[in-house]
Amino acid sequence: MAYLRYHTHIATSIAAGAGVAITGDASFTFPYVVGIAIGALLPDIDEPNSYIGRRSLGLAKIIKSIFGHRGITHSILASGLIFYLHTMYDNDFTLGIAYGYAFHILGDFFSKRGVPFFSPLSKKKFKPPLTYETGGGAETLIFYLAVIGSFYMLYKYQLYTQLF
C-alpha cells in the first residue's frame, strides 16, 4: 500500500502555508511552521506504518481497526474539527496545524487512491482526472518543487523575517 511520504506532506504543506501567509492574514512565524509540519502528519494517524503511526504508541492501530486508512481522518469532517479547535485556541501554532491537516488531505486527493471527503457518511473516494503515483517519480518532483517554492517565497517575500 503506497501513500505520500511524510517528508513530501511536510514540504508541500509548508509551501502552501507560505502561500497562505503571502496572500492572507497568517504570519509565517516559527510556531505556524511547526504547526503546519505537525498538521501535515496528523491525518496518517490511521496508518500504523506511517511516520506518525510508528510513534503513536498503538493509537494508529486502534484508529485503523475502527476507520481504516484514508477513512475519517482524511475527511472534510476531520479537517473541520481541527479548524474548530483552532477557533478555541486561536494562535499561530493551531492555525498551522489546521492548515497542515487540510493541505495533507489536499495532497492525498491528487494521488491515484483519492480521499473520502464525506467519511463517515460515504466511503467513496474522490480524485481529480490528473493524479500521481505515491512513492514514484512524480512525488519526488512534487517534493523538490515544494522545497524550491518554499525557499523562493521565503526570500522573495521576506517571510524569513517573521520566523523569529
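Presented here is an overview of the structure given in this document. (Residues numbered from 1 in each chain as written. Predicted model: local features only at pLDDT ≥ 70, side-chain atom pairs only at ≥ 80, totals over all residues. Heavy atoms only, no water.)

Section: a nonpolar patch on the surface
Residues L59, I62, I66 and F67 make up a contiguous nonpolar surface patch of about 390 Å² in total accessible area. Looking at the element boundaries, L59 is found in helix α3 (residues 59–67). For L59, a relative accessible area of 42% translates into the label partly exposed. (Patch = residues over 30% accessible without salt bridge, like charges linked within 9 Å, V, L, I, M, F, W, Y side chains within 5 Å. Areas by Shrake-Rupley, 256 points an atom, 1.4 Å probe, with all protein chains shown as cover. Salt bridge = Lys/Arg side-chain N within 4 Å of Asp/Glu carboxyl O. Helix = DSSP H or I, 4+ residues; strand = E, 2+ residues; numbered from the N terminus. Buried < 20%, exposed > 50% of the residue type's maximum accessible area, 1.4 Å probe, protein only.)

Observations concerning the packing of aromatic side chains
Considering all chains together, one arrives at 12 aromatic pairs under this definition. Between the aromatic rings of F109 and F117, the centroid separation amounts to 5.3 Å while the plane-to-plane angle is 40°, which identifies the pairing as tilted. Here F109 and F117 have matching classes, each one buried. A centroid spacing of 5.6 Å and a plane angle of 85° characterise the contact between F118 and F126, whose relative ring orientation is edge-to-face. Cluster of aromatic residues (ring-pair linked, three or more members): F28, Y32, F83, Y99 and F103. Taking NZ or CZ as reference, K124 lies 4.9 Å from the ring centre of F126, over its face. (Phe/Tyr/Trp six-rings, centres within 6.5 Å; stacked < 30°, edge-to-face > 60°. Lys NZ or Arg CZ within 6 Å of the ring centre and 35° of its normal.)

Digging into the nonpolar core
F28, Y32, V33 and L159 are the most contacted members of the largest nonpolar core, which has 19 residues in total. Broken down by element, the residue count for this core peaks at 6 residues, all from helix α1 (residues 6–23). If we ignore the near neighbours within four places in the chain, the residues touching Y32 are G17, V20, A21, A26, S27, D92, F93, L95, G96 and Y99. Counting residues in each nonpolar core, the second largest holds 9 residues, with I97, Y101, I105 and F109 among its members. (Core = buried A, V, L, I, M, F, W, Y, C linked by side-chain atoms within 4.5 Å. Contact = heavy atoms within 4.5 Å.)

A closer look at the side chain of S56
By secondary structure assignment, the location of S56 is in the loop between α2 (30–41) and α3. Judged by its relative accessible area of 12%, S56 is buried. Side-chain polar atoms of S56 contact the backbone nitrogen of A60, separated by 3.0 Å. (Polar contact = N/O pair within 3.5 Å; in protein donor to acceptor, adjacent residues only side chain to side chain.)

Brief notes about the pattern of salt bridges
Side chains that differ in sign of charge can pair as their charged atoms come close. With the rule as written, the count across this model stands at 3 salt bridges. Taking the shortest distance from any N to any O, the salt bridge between E47 and K64 comes out at 2.9 Å. A residue pair is termed long-range when its members are at least 10 positions apart, and E47 in the loop between α2 and α3 and K64 in helix α3 qualify at 17 residues. Residue classification places E47 among the buried positions, given a relative accessible area of 2%. On the accessibility criterion, K64 (29% relative accessible area) is partly exposed.

Observations concerning helix α5 (residues 92–109)
Given a rise of 1.5 Å per residue, 18 residues ought to cover 26 Å, and the 26 Å separating the end C-alpha atoms of α5 matches this to within 8%. The buried fraction of α5 is high, at 13 of 18 residues. Put simply, N91 is the residue that caps the front of α5, since its side-chain oxygen is 3.0 Å from the backbone nitrogen of F93. (Expected span 1.5 Å × (residues − 1).)

Concerning the environment of P120
Checked against the element boundaries, P120 lands in the loop between α5 and α6 (137–156). For P120 and A78, which are 42 residues apart along the polypeptide, the C-alpha to C-alpha distance reads 9.8 Å.

By themselves, these observations are geometric and do not establish any function.
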